[in-house]
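Listed below, chain by chain, are the residues.
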Amino acid sequence: MSPIPKFLLAAAASALLLAACGGSDTPGDTGTTPPPATGTPAPLAQFGAVGSSARTATLHWAPAATATTVAIERQDDGGSYTELAQVDGRSGQFLDDGLAAGRAYRYRVVATDAARTLLAEGQATTTDEEPVTSPRGAAQGDASVVPVGTAGGRLQAGAVAVDVPAGALPAGSSATLQRVANTAPDGRGDGLLLQLSAAPSRPLALTLQVDEAELADIDGLRIAVQRADGTWYSLPADRIDRTARTLQATLPPQLVAAPAAGLQATARAASVSIDFTIVKYLAFSLKPKAAEVAVNGTLPLVPYARVRGYEVEIGTCERFDSGVEACIYTPMLETRQVPLLNAKPGYTRTWSVFLDEGGNATDGTVVPNTGSAGAVYTAPATVPEPDTVWVNFESTHTASGRKLLLSSSVKITDDRWVGSMTAEDGPSIAGTTLLVTADVTWRLDHAATVGSRKVYRPEGQLSLQVTDDNCWVSATPATAPVSGDTRLVELVVDESTSPATYTARLITFWTTEILAVCPKASDQRTTEMAGYGWDVSGVVGGSGRIEGQTVVETARLAWSFSR
């Protein structure tokens, strides 16, 4: 057996960073599987093996320049190697399925010549993370059946287009296209259920249209396919085109044409039909994607992803010296934090509000966490115009200039409570009823607030309404502004408890002239003190409201405030 060149030795899966990704000059055009190669086989460069889920391992190598058949072999528990499949060396990918969780497997790629020349080898350890599954989406509209001959062609339904290369399907083949609901986690738009009457022998080129509303998220969008067993696989992006608003990826036939229990099998016979669903989904994003923050409030922001993070920062499969995205077909997993450190050699990383790095006093500021991922946004002291700002994280690969831009929309609001308080007294023996209403907005008093004990001051006015069974009564003035004396007006919300508690004091009086016009008596005009003094307390309701009612002496009190 030939010795293994040093540059072919693969790193352990736990430390694997695939150094170069991407296809050949014509990505995905692998042709039919060639016969066994003759002469001395060329070694496979940049080989790597990685455990991509609890039941899968993915092999990757720089695609061979010419058609070359290679055999994939696996070793279990130190035993002998078993051949899994023979594939075209130009494919650059192999997915081994049906494995046990948390186990190490050794792989080698050998030529199909008589000597079985060793081309590359490495080890992968499966994880404990199961791929995400979901039911197939419900049909949207009617299906269409399209003939597809050996010449290939474009199949399209809705936002999904599939280009079938010439020679990928045998003569007389057909395709059934059915738009379906997108059931992928964080799915965007409808998907396409594609049924082919034969398994393709060459990769399919996928193009998905991005809506105008999704353009801000285009760097984080990816194409995924759902196999018949309900599992989802994320495809590396070949191209992201902001101008055309499209995503492009290559779908290898092995990913969808092989039995769900073992993708290590070769493609099924051309007479066996296959079906799979193609969708787009949000693979990378800042969480929360959208939020509301009160003035002077803070919001932590963290990048998340639904695929394992092997240098997944940028997201296209291009040949870069230091590698950008592991160009492997990865099972979609549960949401996890992407380890996008704020400082990393070879990258320039910035946080901004709109286009202003670090933000400003008008729109708010954003400060990255020291030595870790994520940042903290701090809202401005007053609501800006417009009241919604965009906070951005941008990572630029220095060597290639390739960028990843993730954004969150943040609406700035006043930290306030809005509502009213009423005090009603009557009717008296003479039939007179007095109703005082305070329509107020409680705004946060930053100077008086300490920690979770928030203090609010009111803005608004009180009004007096007098009714009588026998007379018409008016008050002049009938309204007055809320008192500005902080000793008399205060709402305190203590958020250190669960549920939060509150005390509300609002005491305001003013002098008014009361005129009573009575049919059976002369008019009466008197000067009185109008207003009321509320001093109430309670707990903040489960719906986030401050509300209640009580009786004090002969007055019936009620209050209700919401944010």
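Residues numbered from 1 in each chain as written. Predicted model: local features only at pLDDT ≥ 70, side-chain atom pairs only at ≥ 80, totals over all residues. Heavy atoms only, no water.

Asker: So what's going on with the overall build of the chain? Which residues, and what values?
Answerer: Secondary structure summary: the chain contains one helix and 40 strands in total. Residues classed as buried in the chain amount to 49% of the 563 residues present. For the chain, the exposed surface amounts to about 24900 Å²; the carbon and sulfur share of it is 52%. (Helix = DSSP H or I, 4+ residues; strand = E, 2+ residues; numbered from the N terminus. Buried < 20%, exposed > 50% of the residue type's maximum accessible area, 1.4 Å probe, protein only. Areas by Shrake-Rupley, 256 points an atom, 1.4 Å probe, with all protein chains shown as cover.)

Asker: Describe the pairing of strand S6 (residues 104-111), with residues and values.
Answerer: Here S6 lies mainly inside the structure; six of its eight residues are buried. Relative to strand S7 (residues 118-125), S6 runs antiparallel, the two sharing seven bridges. Bridging across to S7, Tyr105 finds its partner in Ala124. Linking S6 to S7, which pair antiparallel, is a turn of six residues; within it Arg116 sits at a positive phi near 50 degrees. (Pairing = 2+ DSSP bridges.)

Asker: Tell me about the packing of aromatic side chains, residues and numbers included.
Answerer: For the coordinates displayed, the defined rule picks out four aromatic pairs. Ring centres of Phe47 and Trp61 lie 6.5 Å apart, and the angle between their planes is 20 degrees; this geometry places the pair in the stacked category. Of this pair, Phe47 sits in the segment before strand S1 (48-51) while Trp61 sits in the loop between strand S2 (57-60) and strand S3 (69-76), and the two are 14 residues apart along the sequence. For the residue pair Phe47 and Trp61, the accessibility class agrees, reading buried in each case. When the centroid spacing of 6.1 Å and the interplanar angle of 80 degrees are considered together, the rings of Trp442 and Phe561 count as edge-to-face. With a gap of 119 residues between them, Trp442 in strand S32 (residues 432-444) and Phe561 in strand S40 (residues 555-562) connect regions that are remote in the sequence. Its relative accessible area of 0% is what places Trp442 among the buried residues. By relative accessible area, Phe561 is classed as buried at 2%. (Phe/Tyr/Trp six-rings, centres within 6.5 Å; stacked < 30°, edge-to-face > 60°.)

Asker: An account of the pattern of salt bridges is requested, with residue identities and associated values reported.
Answerer: Applying the stated criterion across every chain yields a total of 34 salt bridges. Residue Lys454 pairs with Asp415 through a salt bridge whose shortest N-O separation is 3.4 Å. With Lys454 in strand S33 (residues 453-468) and Asp415 in the loop between strand S30 (403-413) and strand S31 (416-425), the pair connects residues that are 39 residues apart, well separated along the chain. This pair shows no difference in class: Lys454 is buried, exactly as Asp415 is. Among the ionic pairs, Arg556 bridges to Glu424, the shortest N-O distance being 3.3 Å. A residue pair is termed long-range when its members are at least 10 positions apart, and Arg556 in strand S40 and Glu424 in strand S31 qualify at 132 residues. Connected through shared salt-bridge partners, Arg55, Asp97, Arg227 and Asp229 make up one network. (Salt bridge = Lys/Arg side-chain N within 4 Å of Asp/Glu carboxyl O.)

Asker: Requested: an account of unusual backbone geometry, with residues and values cited.
Answerer: For the bond running from Gly426 to Pro427, omega is 0 degrees, close enough to zero to count as cis. Of note, Pro427 is situated in the loop between S31 and S32. Following Thr476, the chain continues to Pro477 via a peptide bond in cis, the omega torsion being -5 degrees. Looking at the secondary structure, you find Pro477 in the loop between strand S34 (472-476) and strand S35 (479-481). The backbone of Asp77 shows a phi angle near 50 degrees, a positive value even though the residue is not glycine. Tracing the sequence through the fold places Asp77 in the loop between S3 and strand S4 (81-88). Unusually for a residue other than glycine, Glu553 sits at a positive phi of about 55 degrees. Inspection of the secondary structure puts Glu553 in the loop between strand S39 (545-552) and S40. Judged by relative accessible area, which is 77%, Glu553 ranks as exposed.

Asker: Please give an account of the sheet that holds S1 that cites residues and values.
Answerer: Spatially, three strands are ordered S1-S2-S5 in an open sheet, and the strand pairing comes out antiparallel. Only two strands of the sheet have a single neighbouring strand rather than two, namely S1 and strand S5 (93-96). Averaged over all neighbouring strand pairs, the angle between strand axes comes to 15 degrees, with direction disregarded. Direction of pairing for S1 relative to S2: antiparallel, over a ladder of four bridges. (Axes fitted to C-alpha atoms, helices over the stretch in contact; angles between N-to-C directions.)

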